[in-house]
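Tertiary structure, described
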Amino acid sequence: MNTIDKTQAHITPTYNRLSVVMEKAEGCHLYDTSGKGYLDFTAGIGVNALGYNHPKWVNATQSQLTALQHISNIYYTKPSADVAETLCTRTGMKHVLFVNSGAESNEVAIKAARKYGHQQNKDKHKILTLKNSFHGRTVTTLAATGQDVFHQYFDPFTESFDYVEANNISDLMNKADPTVCAIMIEVIQGEGGVIPLEPAFIEAIDQLCRQQDMLLIIDEVQTGIGRTGKLFAYEHFGLQPDIVTSAKGLGNGLPIGAILFGEKVKGTLEAGDHGSTFGGNPVAAAGATVVLDELSEAFLEKVLEKGSYLKEKLEALDAVESVSGMGLMLGVTFKQANAKAVMLEAMEEGLLFLTAKDKLRLLPPLIIDQASLDEAVSCLAHILAEKMQEVTK
Ligand SMILES: *Cc1c(COP(=O)(O)O)cnc(C)c1O
């Protein structure tokens, strides 16, 4: 059986896959089993921040792989300590806990917020999230996700979540009752369609959290690790959150998740409150050390520049209605064309994009060069001019 047939026969079909079998990659290019090359604007959904086969990352993970692959967290290991120290130094956060994914990071953030609330008052357990948010696929993070489509089949869900309409300050004030222990937001909704929150709304959340001793949790699973041109996207808004969750780009290809705790909550979780067999795995952490090293201020500055350049070029296309997002996390709305059809046509032409709701979503590796940005824009321009019939709604 070939790979596609074997997958369909034996892997549970929870993904709508595209009919291509990927085999290898280098830099910002992927190659399928027929040898066809693709310029990658997906980065494994925001994971491969340094692209594929980044020499320093490969070197660090390979050396760690032949030294110590895994050991229980009942012992100390250097790589996770290094990553935690760097994350704290660069953010002002105080402690880090390592897990394996974005959902697990958010799950831990929710546990910490619940415990923090519980210690003040047993009824302070509600967590406000936003409508159209996305926080993960476990039962509790699905409950946290403010989209009805995710609230089918798996009920009863974890209780005590409520959903505020994004950018609606009066809805926020109405729902912020004394049982709320935390507010959890993505500053740019990713899966929801690359939608940045309005600064005034973010500021209202921040103030409310300070006034009523609610924890401010920022889900940076997609927006973090340089994606928007800052180490974490909340930095654009001058926030100092209580909890930050990270995963995707921190791993750059190996599974890792991290929860950063600020001063107020650094002592909340204690021995026995959470554990994860693979959490802080030395190989994944050795890779994360390189990711953070590479994301210097100069590197982040370039991500911002490349993002503005790309946004400007896309906005200049006749068929484009608007471009949302920051840095190298962009969403394109077309006047006529259907984003999914554009994505499929682009794949034929050797260019990989994502979609998010009705937008074309661009999450290229952060190391992408200007020539590749130009290549993507001219390929899109060509599709939107020559293939308009094929890609129109
Ligand atoms: C991808 C994502 C998650 C879930 O991460 P997993 O590693 O797939 O569990 C959570 N929150 C946001 C904002 C995400 O983009």
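Before going into details, it helps to say that this report is about the structure given with it. Note that this is a predicted model, so its numbers are computed, not measured.

1. Brief notes about the site of the ligand
- Neighbouring the ligand are Ser101, Gly102, Ala103, Asn106, Phe134, His135, Gly136, Glu186, Asp219, Val221, Gln222 and Lys248.
- Here an oxygen atom of the ligand sits 2.8 Å away from a polar atom, N or O, in the main chain of Gly102.
- In the model, a nitrogen atom of the ligand is placed 2.8 Å from a nitrogen or oxygen of the Asp219 side chain.
- Burial of the ligand by the surrounding chains reaches 80%, relative to a free accessible area of 390 Å².

2. Describing the sheet that holds strand β14 (residues 329-334)
- Spatially, β13-β14-β17-β16 is the arrangement adopted by the 4 strands of the open sheet, whose pairing is antiparallel. In the strand order of this sheet, the two ends are held by β13 (320-326) and β16 (354-356), each with one partner. When strand polarity is set aside, the average angle formed by the axes of neighbouring strands in this sheet is 30 degrees.
- Pairing geometry for β14 and strand β17 (residues 359-362), over 3 bridges, is antiparallel. Looking at β17, one finds that Gly331 is bridged to Arg361.
- Lying on the sheet, helix α11 (residues 297-315) is in contact with β13, β14 and β17; it crosses β13 at an angle near 165 degrees.

3. Here's the deal with the nonpolar core
- In this structure, Phe41, Ile183, Leu314, Phe353 and Leu360 are the most contacted members of the largest nonpolar core, which totals 82 residues.
- Tallying contributions element by element places helix α13 (residues 370-386) first for this core, with 7 residues.
- Taken domain by domain, this core gets at least three of its residues from each of domain 1 (3-54 + 297-392) and domain 2 (55-294).
- In this structure, Phe353 is in contact with Phe41, Thr42, Met343, Ala346, Leu360, Arg361, Leu362, Ala376 and Leu380, ignoring residues within four places of it in sequence.
- Val108, Ala112, Ile259 and Leu269 belong to the second-largest nonpolar core, a separate cluster that totals 25 residues.

4. Observations concerning helix α8 (residues 199-212)
- Counted at 1.5 Å a residue, the expected span for α8 with its 14 residues is 20 Å, and the 20 Å between its end C-alpha atoms agrees.
- Along α8, the residues that are buried comprise Phe201, Ile202, Ala204, Ile205, Asp206, Leu208 and Cys209.
- In this structure, the buried side of α8 is in contact with β5 (126-130), β6 (161-164), α7 (169-175), β7 (180-185) and β10 (215-219).
- Positive backbone phi, at 50 degrees, marks Asp213, one or two positions downstream of α8.

Cut-offs applied
Residues numbered from 1 in each chain as written. Predicted model: local features only at pLDDT ≥ 70, side-chain atom pairs only at ≥ 80, totals over all residues. Heavy atoms only, no water. Near = heavy atom within 4 Å. Polar contact = N/O pair within 3.5 Å; in protein donor to acceptor, adjacent residues only side chain to side chain. Areas by Shrake-Rupley, 256 points an atom, 1.4 Å probe, with all protein chains shown as cover. Pairing = 2+ DSSP bridges. Helix = DSSP H or I, 4+ residues; strand = E, 2+ residues; numbered from the N terminus. Axes fitted to C-alpha atoms, helices over the stretch in contact; angles between N-to-C directions. Contact = heavy atoms within 4.5 Å. Core = buried A, V, L, I, M, F, W, Y, C linked by side-chain atoms within 4.5 Å. Buried < 20%, exposed > 50% of the residue type's maximum accessible area, 1.4 Å probe, protein only. Domains from an automatic or database assignment. Expected span 1.5 Å × (residues − 1).

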